[in-house]
Each structure stands twice: as structure tokens, then as C-alpha cells.
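Observations on the three-dimensional arrangement
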Amino acid sequence: MDKHEEWIGKKFPEFNLINDYGETLKLSGIMGQWSVLFFYPKDGSPGCTIESCVFRDKYEEIVSAGGNLYGISADSMKTHQDFRKKHNLQYTLLTDSKGELATSMKLKRTFGILRSRVTFIVDPEG
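A separate point is the pairing of strand β1 (residues 16-19). A one-sided burial pattern is seen for β1, the buried positions being L17 and N19 and the unburied ones N16 and I18. By the bridge criterion, 3 bridges tie β1 to strand β2 (residues 24-26) in an arrangement that is antiparallel. In the sheet register, L17 faces β2, and the bridge partner there is L25. Counted along the chain from β1 to the antiparallel partner β2, the turn is 4 residues long, and its residue G22 has a positive phi close to 85°. Pairing of β1 with strand β5 (residues 92-95) involves 2 bridges; the strand directions are antiparallel. Paired with N19 across the two strands is L94, which belongs to β5.

Pasting the structure below:
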């Protein structure tokens, strides 16, 4: 079994994350719509920049299909704002600064250091 297959068909865990505008987003805020949530290690790192820009380029396709898109890392709100501006990212970035959501989902660290790089699709029922 893939390390994240245990989440298939399960309810996405509750969360309370700050977005890059300083607003709080909770699981209840994404209910009723399809959502793509991708975890990435760090704003501005080469791999994360490529990944984030690929999502930027697919954004309209996701929205046209009725979905929302959120990037999640441990970076600060200010770092997210700078990263979004620099790369013209039109979707919301969320801060999991203490790694509470990643930990609750048992997401592994790469090399024991870097945060996970994994994508989840959450249906309208969560």
C-alpha cells in the first residue's frame, strides 16, 4: 500500500490554517466543493517553485472543473505573499507553521528534514 493510500475514502482531518492574507481557513470552509491541497516543503526552493508554477499553469483547468486549489507549507504569511507575487500564483497559500496538519496526517519528512511533497483531492463531503 502506498504510504498515503490510507486516506482514500477517509474524511480529511480538521484544520485551522492562516492564508497569505492573514485569514483563517478551516475544513468547513472548503466543504461543498472539490479541492486540491498540495503540501510542499519551502517557498522559493527550486523543486517547490517548479511544482507551484505547474499548479499555477493548471489553475484555470482546476477552477473550470469546479475546484479550489491550495498550497500548504510551514512558511510564514509574509514569505507566502512574496512567493505568490514573484511567481504570479493566483491560488491561496496556507501556513502549517507548526506542522500540525502534516503531523495529524502522518506525512513523512524527506530525509527526515524536509516537509512532505504530496497532493490530496478532497471531495465536497470532505
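Now for the sheet that holds strand β4 (residues 67-73). Spatial strand order, β2-β1-β5-β4-β3-β6: 6 strands in an open sheet with mixed pairing. Since the sheet does not close on itself, it has two edges, and those belong to β2 and β6 (118-122), each with one partner. In this sheet, adjacent strand axes meet at a mean angle of 35° when their direction is disregarded. Taken strand by strand, helix α2 (residues 77-87) contacts β1, β4 and β5, and its axis lies near 155° from that of β5.

Here the structure, examined in full by the defined rule, presents 7 aromatic pairs. The interplanar angle of 70° and the centroid separation of 5.8 Å between the aromatic rings of F38 and Y91 together place this pair among those described as edge-to-face. Of this pair, F38 sits in strand β3 (residues 34-39) while Y91 sits in the loop between α2 and β5, and the two are 53 residues apart along the sequence. A single burial state applies to F38 and to Y91, both of which are buried. For the pair F39 and F120, a centre-to-centre distance of 6.0 Å together with 80° between the ring planes defines the contact as edge-to-face. A residue pair is termed long-range when its members are at least 10 positions apart, and F39 in strand β3 and F120 in strand β6 qualify at 81 residues.

Rules and cut-offs
- Here the residue index of a chain counts from 1 through its sequence in written order.
- Only residues with pLDDT of 70 or above have their local features reported here, since the model is predicted, and side-chain atom pairs are shown and tallied only from 80 upward, although totals for entire chains, interfaces and linings are computed over all residues.
- Calculation of side-chain values draws on the structure's entire complement of heavy atoms; hydrogens and water are dropped beforehand.
- Working definition: with a 1.4 Å probe on protein chains only, accessible area under 20% of the residue-type maximum means buried, over 50% means exposed, and in between means partly exposed.
- A run of H or I in DSSP counts as a helix once it spans at least four residues, and a run of E counts as a strand once it spans at least two, with each numbered from the N terminus.
- Note on pairing: DSSP must find at least two bridges between two strands before they are called paired.
- All axes here are fitted lines through C-alpha atoms, helices being fitted over the stretch that makes contact, and every angle between N-to-C directions spans 0 to 180 degrees.
- Any two residues whose heavy atoms approach within 4.5 Å are treated as being in contact.
- In summary, the pairing rule links any two rings of Phe, Tyr or Trp, Trp by its six-membered ring, whose centres are within 6.5 Å, and it sorts them by plane angle into stacked for under 30 degrees, edge-to-face for over 60 and tilted for everything else.

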